[in-house]
Each structure stands twice: as C-alpha cells, then as structure tokens.
Amino acid sequence: MALNLVAGRASLEVRALSRTVLGWRTKRGWSLKELGELVGFSPAKLSQLCRAVVRMSALEVVAVGAMCGASDEEVELCVRIAQRAVDPVMWDRINADAWARLTWAPWEVMAEASELVIVTHDVLPELVRVDAYHVALLESGGAANELDPAFQHEVLQRLAMDANEAARPGSPRRLHIRLIVPESLLGASVGGARVMADQLEHLEELNELPGFEFRVMDSEAGPYFGQGASFTMMRFVEKRFDDVVLLRTLHGGDTWLESAAEREPYERALVALDGVVRSEQESARRLSRASLRLRDPLPGDDSGEQQRHLQLVADRVGR
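First, a word on what this report is: a plain description of the structure on this page. Predicted model only: the values in this text are computed from it and were never measured.

In this section: the sheet that holds strand β6 (residues 253-257). The sheet built from 6 strands is open, its strands ordered β3-β2-β1-β4-β5-β6 with mixed pairing. Sheet topology places β3 (212-217) and β6 at the edges, where each strand pairs with a single neighbour. Going from strand to strand, the sheet's axes swing by 15° on average, the running direction of each strand aside. Here strand β1 (residues 115-119) pairs with strand β4 (residues 231-235) via 5 bridges, running antiparallel. Counted as the bridge partner of leucine 116 is methionine 234 from β4. The strands that helix α13 (residues 260-274) touches are β1, β2 (176-182), β3, β4, β5 (244-249) and β6; relative to β4, the one it contacts most, it runs at about 100°.

It is worth spelling out the pattern of salt bridges at this point. Going through the model one piece at a time under the given rule, you end up with 19 salt bridges. Between arginine 248 and glutamate 126 there is a salt bridge, with its nearest N and O atoms 3.5 Å apart. Taken together, the positions of arginine 248 in strand β5 and glutamate 126 in the loop between β1 and α8 (131-140) put the pair 122 residues apart, joining distant regions of the chain. On the basis of relative accessibility, which here comes to 45%, the residue arginine 248 falls in the partly exposed class. When the shortest N-O distance is used, the salt bridge between glutamate 264 and arginine 268 registers 3.8 Å. Placement of both glutamate 264 and arginine 268 in helix α13 is noted, with a separation of 4 residues, approximately one turn of the helix. Residue classification places arginine 268 among the partly exposed positions, given a relative accessible area of 42%.

What follows covers the environment of threonine 255. Looking at where threonine 255 falls in the secondary structure, it is placed in strand β6. Judged by relative accessible area, threonine 255 falls into the partly exposed class, the value being 35%. Expressed as a C-alpha distance, the spacing of threonine 255 and valine 245, which sit 10 residues apart in the sequence, is 8.1 Å. Dropping the residues within four chain positions of it, threonine 255 is found in contact with Val245, Leu246 and Leu247.

About the thresholds
Residues numbered from 1 in each chain as written. Predicted model: local features only at pLDDT ≥ 70, side-chain atom pairs only at ≥ 80, totals over all residues. Heavy atoms only, no water. Pairing = 2+ DSSP bridges. Helix = DSSP H or I, 4+ residues; strand = E, 2+ residues; numbered from the N terminus. Axes fitted to C-alpha atoms, helices over the stretch in contact; angles between N-to-C directions. Contact = heavy atoms within 4.5 Å. Salt bridge = Lys/Arg side-chain N within 4 Å of Asp/Glu carboxyl O. Buried < 20%, exposed > 50% of the residue type's maximum accessible area, 1.4 Å probe, protein only.

Written out as structure tokens, the structure is:
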C-alpha cells in the first residue's frame, strides 16, 4: 500500500520516483483510469502516487512497472528508491552511495514550482537567454550545453497564464519569476553590442509579462551578505514540498540543497538583497537605458528619443 511521506515531506528523490512512474504510464498513452483498472488501483490513488502526495512502496513500483512494460533495470532502480525512502539515513548507512540514483533535471523541478527567485552575478540564466547570447557563451567557454528552446518555452509560457486557464484540469501551474542581476551585467559585452542589445530587448519583453519581475542591484550599495553568489530558489504551493536551492556550475553539474540548514544562507541572502535592489520602475528604466545605449548609441543620456522611450517604460511599469 502507499506509504506516508517521511516527516510529511516529499524529497526531490521521492518526486523523481513519481515522475518516473508517471512517465511509464504516459509512454503507453494510458489514462489514470485505464492504468488503475489494469493494476487494481483507483484513479485517486494513482493520482496521489504520481503527484507524490504519498510515496510509492516497492510492491506498487513493481506492479505499475510490470503492467507498463518498463525495463527490469528501470524497475529495479525505482524499487531501491522506494525502499530508501522509508528510512534514507539507515539505507545510506547500510548501502552507502555505491548504487545508481534517480536524477532530476532543473526543468522537471521547475515544472512543479510556483515561484523562481533567480540571483545571478556573472551571466544571465539559461531560462531568459536568446540564442545568440548563449552561442557567445559557448564559444567563450562560459556555457557547456546547448540551449533548449523547448524547455524555455514550457517554463516561460506559464508567466502569462490567467487564473481561469490555470484552474483547468491538467493545466500547468502558474509561475512567478523574480530575476535579480547586478547593474554591471547590463553593460557586459557578451557576443558584442548587437547580441547584448537583442538580449536586453528580450528581457524588456519578458518584463512586460504579469508573472515576471526584473530587479537590478544598486551598484552603490556596498558589500552585503551573499554578494557574488548565483543561485535559484524554487518555491512550491504544496506544503509537502519544501523550497529547494539550485546551484549550477559549468562542468561540475547541478547541486541541489533541500534541508533547512542548507537553504538558510540563501534565505538570508535574499533578505539582504531586498535592501539593495532598485524598485521595479527604476530597474526597468535602467534596463531600457542600457538597451537603447547598445542599439542606438546617441551622445549623452538626455536625448529626446531616449527620454521619450524611458517615459514610455515608466508609464508601462506604473500601470
């Protein structure tokens, strides 16, 4: 039978197990009702299992895997994950780390998130990059993987969802993204002026979406806690899902921080940032000014064309 979550919480690994088993079903094109009739589970129970409302037992993994035709290797791995979830500390003490583990890609976790707080100090995150900006990073060694436009679209389309659309059965969750960048990043030269101008224009377009919030750190604020750190805080509506922090490195892979003790320094950094970020209106104005300077470098910052454009930005943000 399905088991209660450890301490009422669904870890990333438990959620990855649910996603994997859900994937077996969707590959067959079966509905929850169809699979339930084959394995003897109610649609409600299967829904809870697939959403990690409860964690799967090893027997349930075997039952679903056998019916869906999952490979023996996949089923065996998921059985071990289900067994470990009963008592992760004791399991690791007995088995150590000498076995394969389920992995999860950032987009899989983002798909479940309701809010992303992205703090960056070097380059813009993949989620908001235009292709030319990312190519320039690849050529300079500042990125290791190709850009995934499908991943970007899947996440960003949730920014403009209205309440009615989000309430439809099977609809993805509405998303709010808060992007915090240093002012120096707006003047960076990644790929040259034209590439940066296109990238900043894309940020301006995103900033018009209701679920997107762009903030610039005050370059004159001086040192503050967390300065120089780049990270993403992912938050979830469901109480059984704790916030998680994602740290991305170029060649070292992703590091996920789940425990309260691991997240605490990053929570403190966000509190400190609240005191050094410029207002939404001022951040939008500085983004627009940087974009204009690259696209149409007129002498001085007080030209009539620039002022008219900045006034339009101010009016739009103020609405």
